[in-house]
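Okay, here's what each chain looks like letter by letter:
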Amino acid sequence: MRDPGSSPLRRELPWLVAEAALLVVLCNANPPELWFWMVMFLSLLGYRIERWWSARPGSGP
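Every residue gets a number counted from 1 within its own chain, in the order that chain's sequence is written. A pLDDT threshold of at least 70 governs which residues receive local features in this predicted model, and a stricter bar of 80 or more applies before side-chain atom pairs are shown or counted, although totals over entire chains, interfaces and linings include all residues. Each side-chain value is derived from all of the structure's non-hydrogen atoms; neither hydrogens nor water enter the calculation.

Draft legend 1. A look at the overall build of the protein. Numbering of helices and strands starts at the N terminus; helices are DSSP runs of H or I of at least 4 residues and strands are runs of E of at least 2. Along the protein, the regular secondary structure elements total 2 helices and 0 strands. Counting all 61 residues of the protein, 11% fall into the buried class. When the accessible surface of the protein is split by element, carbon and sulfur atoms take 70% of a total near 5,200 Å². Per-residue accessibility, obtained with a 1.4 Å probe over protein chains only, is compared with the maximum for each type, and a residue is labelled buried under 20%, exposed over 50%, and partly exposed between these values. Using the Shrake-Rupley algorithm and a 1.4 Å probe, accessible areas are obtained, with residue cover drawn only from the displayed protein chains.

Draft legend 2. Structural context of the packing of aromatic side chains. Two aromatic rings from Phe, Tyr or Trp, using only the six-membered ring of Trp, form a pair when their centres are within 6.5 Å; if the ring planes differ by under 30 degrees the pair is stacked, by over 60 it is edge-to-face, and anything between is tilted. Scanning the entire structure with this criterion turns up 3 aromatic pairs. An angle of 45° between the planes, with centres 5.6 Å apart, marks the rings of W15 and Y47 as tilted. With W15 in helix α1 (residues 8–27) and Y47 in helix α2 (residues 31–54), this pair connects stretches of sequence that are 32 residues apart. Classification of W15 as partly exposed rests on a relative accessible area of 25%. Classification of Y47 by relative accessible area gives partly exposed; the value is 39%.

Right, here's the structure in full:
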């Protein structure tokens, strides 16, 4: 029997919440801080895409 804490949604939920929170902040940001939050969001998104890409079946040793 699988551990319920290892479901894909359970593992991804904190990341999805963080990305949604950053999007809300980004939508409400003033021009001086807009670039900072945009870079934060794109960095987090790039990190998530890299992790997803490297976790594909057959992509590693």
